[in-house]
Number of protein chains: 2
Amino acid sequence: MKFYDCSTAPSPRRVRIFIAEKGLDIPTVQVDLRNGEHLSDTFRALNPWCTVPVLELDDGTAISEAVAVCRYLEDAHPEPPLMGVDARDRAVVAMWEHRFEIDGFLGVTEAFRNAAKGLKGRALTGPEGAAQIPELVQRGRARVESFFSALDAQLAHHPFVAGERYTIADITAQAAVDFAGWIKMSLPAECRRAAEWYRRVSQRPSAAA
Amino acid sequence: MKFYDCSTAPSPRRVRIFIAEKGLDIPTVQVDLRNGEHLSDTFRALNPWCTVPVLELDDGTAISEAVAVCRYLEDAHPEPPLMGVDARDRAVVAMWEHRFEIDGFLGVTEAFRNAAKGLKGRALTGPEGAAQIPELVQRGRARVESFFSALDAQLAHHPFVAGERYTIADITAQAAVDFAGWIKMSLPAECRRAAEWYRRVSQRPSAAA
């Protein structure tokens, strides 16, 4: 197995945290996003979407998309379970993970990529790129505010996003909260339960990943 | 179990096809999206994201997000497998499902919701809504074109999106191709392998769901 990462990028960070929580040690290749290595022919042959993370399996299969990489690692290394323990729990975890990816992670992405000077013409990931649209900066920020509120509301009922256990849903939310720092947003003062959760998850050794 | 559906809507259609492929018969409630029933207090208590599909379990747990509902059904009713058969296969299926949701299904959604007269102020799903942004119509269409090309390229290697078997990745792609009809886009003539695949999956009894 080989893990294609970029140590400064938020998307592969979701997988880095997942790997750390599993206690795995996977040979890692750094992809130089800043200098466009992900758009090179070599990398494109591995992942036509030109994104990290990618997990290359020993048979040469390249798995891209953070949630799919985690799916592989969960099945190949079930302990500790990070994607649920029974049918109901797995569905609850998948629901929160997906929802917080869309509202949280992709909300920050929208606000960031449509404003960053270095990403003109690259407001969407992928080989084609896309022009920046200034209105999306505010829309992205509004999505992140909704994400913060929803996160806080959900943590009124449970110690972790999807219930009693730390899961991939926490990882996605945690990575989104950290990524929000890139657009100078942080959990607002009134989100006290989310702030307490954030302190807790940030103290786990995996948060350094 | 109870399935909250809207028989004319593309997003719950992904789950309707999944249910049909599993041969399940689940009591179904129609939610009247046209008249805003999904924004009512009653529905919001079930699903604060105000979206269908939702699967309500017998213990009252409400699962939203199409992929999470399918996750539950796959685990509770493993045959026939629609989300992969081993660790590698499950990851490949998850990768294509996620990628084609983002590029295909959400690409059409972007083009459609930012143009439809009846969706002013509701360009994003969810309780808060969002203003329409005209530039996103063209961007959404460009994403769908990329999706069509990627689908065609992938089907050069395999009879189905994720390999030798029909899976949830086919369902998401199939629902996205059909949904593209709402924005008057269809598989271009040069995508012959995708067109052949589309004919095949559309002939399955589940396509009527």
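In what follows, the accompanying structure is described. Here the structure is a predicted model, which is why all the values come from computation and not from measurement. (Residues numbered from 1 in each chain as written. Chains lettered and ligands numbered in written order. Predicted model: local features only at pLDDT ≥ 70, side-chain atom pairs only at ≥ 80, totals over all residues. Heavy atoms only, no water.)

### Details of the overall build of chain A
Okay, step 1: The helix and strand tally for chain A stands at seven helices and four strands.
Okay, step 2: Ordered by position in the sequence, the α and β elements of chain A form the string β-α-β-α-β-β-α-α-α-α-α.
Okay, step 3: Computed over its C-alpha atoms, the radius of gyration of chain A comes to 17 Å, within 12% of the 17 Å expected for a compact globule of 209 residues.
Okay, step 4: Principal axes of the C-alpha set define a box for chain A whose edges measure 50 × 45 × 30 Å.
Okay, step 5: Among the 209 residues that make up chain A, the fraction classed as buried is 57%.
Okay, step 6: For chain A, the proportion of contacts with a sequence separation of at least 24, taken over those separated by at least 6, is 65%.
Okay, step 7: Put simply, chain A shows about 8,900 Å² of open surface, and 53% of that area lies on carbon and sulfur atoms. (Helix = DSSP H or I, 4+ residues; strand = E, 2+ residues; numbered from the N terminus. Rg over C-alpha atoms; globule rule 2.2 N^0.38 Å. Buried < 20%, exposed > 50% of the residue type's maximum accessible area, 1.4 Å probe, protein only. Contact = heavy atoms within 4.5 Å. Areas by Shrake-Rupley, 256 points an atom, 1.4 Å probe, with all protein chains shown as cover.)

### Concerning the interface of chain A and chain B
Okay, step 1: Listed by partner, the interface residues are 39 residues for chain A and 39 residues for chain B.
Okay, step 2: Approximately 3,500 Å² of surface area, both sides summed, lies buried where chain A meets chain B, with 66% of it carried by carbon and sulfur atoms.
Okay, step 3: When the area that chain A buries against chain B is broken down by residue, the three leading residues are A:Trp49, A:Arg99 and A:Arg139, summing to 18%.
Okay, step 4: A:Asp75 serves as the salt-bridge partner of B:Arg90, at 2.6 Å between the closest nitrogen and oxygen.
Okay, step 5: At the boundary of chain A and chain B, one finds 14 residue pairs in polar contact (both at pLDDT 80 or more). (Buried area = accessible area lost by both parts, 1.4 Å probe. Salt bridge = Lys/Arg side-chain N within 4 Å of Asp/Glu carboxyl O. Polar contact = N/O pair within 3.5 Å; in protein donor to acceptor, adjacent residues only side chain to side chain.)

### Overview of unusual backbone geometry
Okay, step 1: Put simply, A:Val52 and A:Pro53 share a cis peptide bond, and its omega is 10°.
Okay, step 2: Of note, A:Pro53 is situated in the loop between α2 (41–46) and β3 (54–56).
Okay, step 3: In the segment running from B:Glu79 into B:Pro80, the intervening peptide bond is cis, with an omega of -15°.
Okay, step 4: Relative to the assigned elements, B:Pro80 resides in the loop between α3 (66–76) and α4 (87–113).
Okay, step 5: Phi at A:Glu65 takes a positive value of approximately 80°, unusual for a residue other than glycine.
Okay, step 6: Inspection of the secondary structure assignment puts A:Glu65 in the loop between β4 (62–64) and α3 (66–76).
Okay, step 7: The phi angle at B:Cys50 is positive, at roughly 60°, despite the residue not being glycine.
Okay, step 8: Here B:Cys50 falls in the buried class, since its relative accessible area comes to 2%.

### Some remarks on the environment of B:Phe100
Okay, step 1: Note that B:Phe100 resides in helix α4.
Okay, step 2: For the pair formed by B:Phe100 and B:Asp75, sequence separation is 25 residues and the distance between their alpha carbons is 22 Å.
Okay, step 3: Setting aside chain neighbours within four positions, we find B:Phe100 in contact with A:Trp49, B:Phe105, B:Phe147, B:Ala150, B:Leu151, B:Val161, B:Thr172 and B:Ala173.

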